Amino acid sequence: MVTLGALVPEQGDPGAAANGDQASKLKLQTPQELYELWERQHWRSQEIDFSQDKQDFANLSDEAKDSLVWVLSTFFIGEERVTTQFSGLVMAYEDEHEESFLATQQVDEARHMQFFDRFYREVIGIDDPDFEGRLSRVREELNEAFGKLFDEALVDAGKRLIADPSDRGAKIDFITTYHMVIEGALALTGQYFVTRFMEENEIFPGFVEGFEHVARDEHRHVAYGTWYLQQTAGEDDALAERMQQKLQELLPVAAGVLVPPGQDPTGEWEILGYPSSEITEFGFKSLSRRLKAIGVPLRAPQPAAA
Ligand SMILES: [Fe+2]
Ligand SMILES: [Fe+2]
């Protein structure tokens, strides 16, 4: 039985609860150390056994099926988006250690997309014969906030980095969008609650096994982003300001991505039985720990103009 403790890595991501409340200038793992960790943490998305998962999905109520498919669709398309939009950051490496790590992250994201594609084909039963068709079907599930974050903000940040990979401000914007907001605040939070739902109900052992590997990869990715921001925004007021502005712009958008269809984003909503207050608090605490390690606090929201 996989436990939720497995989602918290023994080393790496300072947002993980195990080592979060330490001094502000935490010694973080370097890109070379994260690259070497990647070599030790390989896994195979095509070899996970989904036979029990197929039975478990068939046994769910229609309402539970809808709810689970909706939340997993955000992950599936999210993994496709981050795989394709990552290239600009690989081009923006500043030394060969960073270049090596960034190349691993792009292939990790492709593996995550492949894992979800297999689950949608073999367990959920999406039967379009081509990958593109399956992605289009799954996209129908997503909300407007998803489009704003993944199709607009992430794509724009990637384009600006590709236009000039040496633009450090564009790199701060991209890493804040990708590693802090999408991976750190959103994906790891969603992963925690989806895994908890499956473990508490003792269902989907294959999915939980794969998702544990995905979470370990994501912690490595977020650890890189935290390291980069500590070296840059943590040392330069203008870059710190840029990171804070990006967080202020995107955190409200990210908060809407996990709101299921038909539920009021401004009120109390829930995913798989977990209330929005608990989900939001989990994401906010993880982000706060990472910002503490970076050395740049989250700015209080500005009051709306009268
Ligand atoms: Fe991923
Ligand atoms: Fe990632």
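Residues numbered from 1 in each chain as written. Chains lettered and ligands numbered in written order. Predicted model: local features only at pLDDT ≥ 70, side-chain atom pairs only at ≥ 80, totals over all residues. Heavy atoms only, no water.

Attention now goes to the nonpolar core. Membership of the largest hydrophobic core comes to 91 residues, with the highest contact counts inside it found for Leu 149, Phe 204 and Phe 207. At 15 residues, the largest contribution of residues to this core is made by helix α8 (residues 168-201). Not counting residues within four places of it along the chain, the set of residues in contact with Phe 204 comprises Asp 53, Asp 56, Phe 57, Leu 60, Leu 68, Phe 119, Val 123 and Met 198. (Core = buried A, V, L, I, M, F, W, Y, C linked by side-chain atoms within 4.5 Å. Buried < 20%, exposed > 50% of the residue type's maximum accessible area, 1.4 Å probe, protein only. Helix = DSSP H or I, 4+ residues; strand = E, 2+ residues; numbered from the N terminus. Contact = heavy atoms within 4.5 Å.)

What the rule picks out here adds up to 26 aromatic pairs. Look at Phe 76 and Phe 116: their rings are 6.3 Å apart centre to centre, the planes differ by 15°, and that puts the pair in the stacked class. In this pair, Phe 76 sits in helix α3 (residues 62-84) while Phe 116 sits in helix α5 (residues 96-124), placing the two residues 40 residues apart along the sequence. A ring pair is formed by Tyr 192 and Phe 193, whose centres lie 5.0 Å apart and whose planes are at 90°; its orientation type is edge-to-face. Overall, Tyr 192 belongs to the partly exposed group, its relative accessible area being 22%. Taken together, the ring pairs in this structure connect Trp 43, Phe 50, Phe 75, Phe 76, Phe 115, Phe 116, Phe 119, Tyr 120, Phe 204, Phe 207 and Phe 211 into an aromatic cluster. The ring of Phe 57 carries the charged tip of Lys 65 above its face, separated from the ring centre by 5.5 Å. Over the ring of Phe 131 we find Arg 134; its NZ or CZ atom is 5.2 Å from the centre of that ring. (Phe/Tyr/Trp six-rings, centres within 6.5 Å; stacked < 30°, edge-to-face > 60°. Lys NZ or Arg CZ within 6 Å of the ring centre and 35° of its normal.)

Put simply, the ideal angle at a metal is 109.5 degrees for four donors in tetrahedral geometry and 90 or 180 degrees for six donors in octahedral geometry. Within the protein, the iron ion (ligand 2) binds to Glu 109 (OE), Glu 183 (OE), Glu 218 (OE) and His 221 (ND1); these donor distances fall in the range 2.0 to 2.2 Å. The sequence pattern describing where the donors of the iron ion (ligand 2) fall on their chain is E-x73-E-x34-E-x2-H. The metal-metal distance between the iron ion (ligand 2) and the iron ion (ligand 1) is 3.4 Å, with Glu 109 coordinating both. One end of the pair, Glu 183, is in helix α8; the other, Glu 218, is in helix α9 (residues 205-231), and 35 residues separate them in sequence. Each member of the pair, Glu 183 together with Glu 218, is buried. (Donors = N, O, S within 2.8 Å, 3.2 Å for Na, K, Ca; no water.)

Running from amino to carboxyl end, helix α7 (residues 144-163) crosses α8 at an angle of 150°, the nearest separation of the two axes being 8 Å. As α7 packs across α8, the resulting crossing turns out to be left-handed. When α7 is examined against α8, the residues Leu 149, Phe 150, Ala 153, Leu 154, Ala 157, Gly 158, Arg 160 and Leu 161 are found in contact with a partner set consisting of Ala 170, Lys 171, Asp 173, Phe 174, Thr 177, Tyr 178, Val 181, Ile 182 and Leu 186. Of the residues contributing to the contact of α7 with α8, the split by class is 12 nonpolar, two polar and three charged. (Axes fitted to C-alpha atoms, helices over the stretch in contact; angles between N-to-C directions. Left-handed = near helix turned anticlockwise from the far one by under 90°. Nonpolar A, V, L, I, M, F, W, Y, C, P; charged D, E, K, R; others polar.)

Turning next to the coordination of the iron ion (ligand 1). Those protein atoms acting as donors to the iron ion (ligand 1) are Glu 79 (OE), Glu 79 (OE), Glu 109 (OE), His 112 (ND1) and Glu 218 (OE), and they sit at 2.0 to 2.7 Å. Mapped onto the sequence, the donors of the iron ion (ligand 1) take the spacing E-x29-E-x2-H-x105-E. Taking relative accessible area as the criterion, His 112 reaches 0% and is therefore assigned buried.

Remark: α5 packs on α8, axes separated minimally by 15 Å, with the N-to-C direction vectors making an angle of 45°. The angle between the axes of α5 and α8 places the two elements in the oblique class. Seen along the crossing, α5 lies across α8 with a hand that is left-handed. Judged by residue contacts, Glu 98, Gln 105 and Glu 109 of α5 engage Lys 171, Tyr 178, His 179 and Glu 183 from α8. For the contact of α5 with α8, the class distribution of residues is one nonpolar, two polar and four charged. (Parallel < 35°, antiparallel > 145°, perpendicular 65-115°, else oblique.)

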